[in-house]
Amino acid sequence: MPGKERFDYWRELVGRTRDSEVTSAHAHDFRAEMRRLELGPVTLLRTSFPPTRFQRTARRVRRCDRGVFHLTLLLDGGFALTRDTERTETFAAGNLHMLDSSHPFDLRAFSTRAQTPEDQRIEAVGIDFPAALLPLPAHRVHQLLGRGFPTREGTCALLSDFLLGLDRQAGALSPAETPRLGGVVVDLVAAWLARELDAEAAVPDDTRQRAMVEHVRAHIGRNLGDPDLSPTTIAAAHHISVSYLHRLFTRHTDGETVAAFIRRRRLEKAHRELADPALRALPVHAVATRCGLPRPAEFSRAFKAAYGLSPREHRHRALTG
């Protein structure tokens, strides 16, 4: 876009769900990127932008409050947040924090790298969703607003990985999938906040179950290369019975079993790796073993049944164009 129009257009996109006064010393030559993905009532935002200030004043709150939560994962740069008359909180890359549209805030986004003014960037991904969707008491949730949380472990880590995965797969998602994914991400937010508040009992059973399924999916994704990965080891890792795992998984994955999900994910991983030029020197059987499929004959049959080509044929086509 022409330089003089970029800032106003970007500000308008942000303002659709995050109503605030937005100013920047870089407005005259604003270089930014944004992806907006509608997930039913949930909006995913992925953006890269120069240092900017976001102010939601008490007057703006009184004039219009849509009752929206703003959850943000900072990927690069820093945030300095002042809420009401409270002290300023600073967030670094890797921190997750949440605000709501019902309370004033002053958020300054700044670059943390020694760069020329033209190259200073802030990178972030977040979601906006109606506060009414969160099945937790509002006065309890308010205790956590404006605080920074590291995303190294637990449900907080799962939530951040899920947000990044949604952003990476945005172009491949069908309109039929997106509303369900919006529900899943709100369930993960609810599970994370309930754990922080020690209020798991306040979360509905369905919400807890869907969050558990996402924990199981993430565990499977991290351990695809382990040939011992099975419903038994997964159930043990999550301190649940195998029968409960099967009931939970089939209920929330359109009937797909745990074993079928593991098999499909392993074949998908092998399909990608066989097409990767960086792995072309790795024998086919070694790729299969990396994906948790150590028996060559079984792997070849399953691969051809899934993709209509043998593993070698797929690799040849992918690497020769």
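No experiment lies behind these values; they were computed from the predicted model shown.

Caption draft 1: Spatial organisation of the packing of aromatic side chains. If you walk through the whole model with that rule in mind, you get 10 aromatic pairs. With a centroid separation of 6.2 Å and 50° between ring planes, the pair formed by W10 and F54 is classed as tilted. Pair noted here: W10 is in helix α1 (residues 3-15) and F54 is in strand β4 (residues 52-56), with a separation of 44 residues, a long-range link. The rings of F7, W10, F30, F49 and F54 are connected pair by pair, giving a single aromatic cluster.

Caption draft 2: Up close: the sheet that holds strand β2 (residues 33-39). Taken in spatial order, the six strands of this open sheet run β2-β3-β10-β5-β8-β11, and their pairing is antiparallel. The sheet is open, and its two borders are formed by β2 and β11 (149-150), each paired with just one other strand. One ladder, built from two bridges, connects strand β8 (residues 95-100) with β11; its direction is antiparallel. Along β11, the bridge assignment pairs L96 with F149. Each of β2, β3 (42-49), β5 (68-76), β8, β10 (122-130) and β11 is contacted by helix α4 (residues 154-168), which is oriented at about 85° to β5, the strand it contacts most. Helix-sheet contacts for helix α5 (residues 178-197) involve β2, β3, β5, β8, β10 and β11, and the interaxial angle to β2 is about 95°.

Caption draft 3: Up close: empty space enclosed by the protein. As enumerated under the stated definition, the model contains two cavities of 30 Å³ or more in all. Taken as a whole, the largest cavity spans an internal volume of roughly 280 Å³. Along the wall of the largest cavity there are 19 residues; nearest its centre are V14, R18, F54, T72 and L107. Breaking the lining of the largest cavity down by element, the ones donating at least two residues are α1, β3, β5, β8, β9 (105-110) and β10. Of the residues in the lining of the largest cavity, the class split is 12 nonpolar, six polar and one charged. Along its surface, the second largest cavity is lined by T17, D19, R56, C64, D65, R66, H70 and S101. Of the residues assigned to the lining of the second largest cavity, the class counts are one nonpolar, three polar and four charged.

Caption draft 4: Geometry of the sheet that holds β4. One open sheet accounts for five strands, arranged β1-β4-β9-β6-β7; its pairing is antiparallel. In the strand order of this sheet, the two ends are held by β1 (21-23) and β7 (89-92), each with one partner. Taking each pair of neighbouring strands and ignoring which way they run, the sheet shows an average axis angle of 15°. Two strands pair when backbone bridges link them, and strand β6 (residues 78-83) and β7 are joined in this way by four bridges, in the antiparallel orientation. Counterpart to A80 in the pairing with β7 is T90. With respect to the sheet, α1 is in contact with β1 and β4, its orientation differing from that of β1 by roughly 145°.

Rules behind the numbers
- Residues numbered from 1 in each chain as written.
- Predicted model: local features only at pLDDT ≥ 70, side-chain atom pairs only at ≥ 80, totals over all residues.
- Heavy atoms only, no water.
- Phe/Tyr/Trp six-rings, centres within 6.5 Å; stacked < 30°, edge-to-face > 60°.
- Helix = DSSP H or I, 4+ residues; strand = E, 2+ residues; numbered from the N terminus.
- Pairing = 2+ DSSP bridges.
- Contact = heavy atoms within 4.5 Å.
- Axes fitted to C-alpha atoms, helices over the stretch in contact; angles between N-to-C directions.
- 1 Å grid on protein atoms, 1.4 Å probe; cavity = no way out; pocket = protein on both sides within 12 Å on 5 of 7 lines; lining within 4 Å.
- Points joined across faces, edges and corners; volume = space filled by probe spheres on them.
- Nonpolar A, V, L, I, M, F, W, Y, C, P; charged D, E, K, R; others polar.

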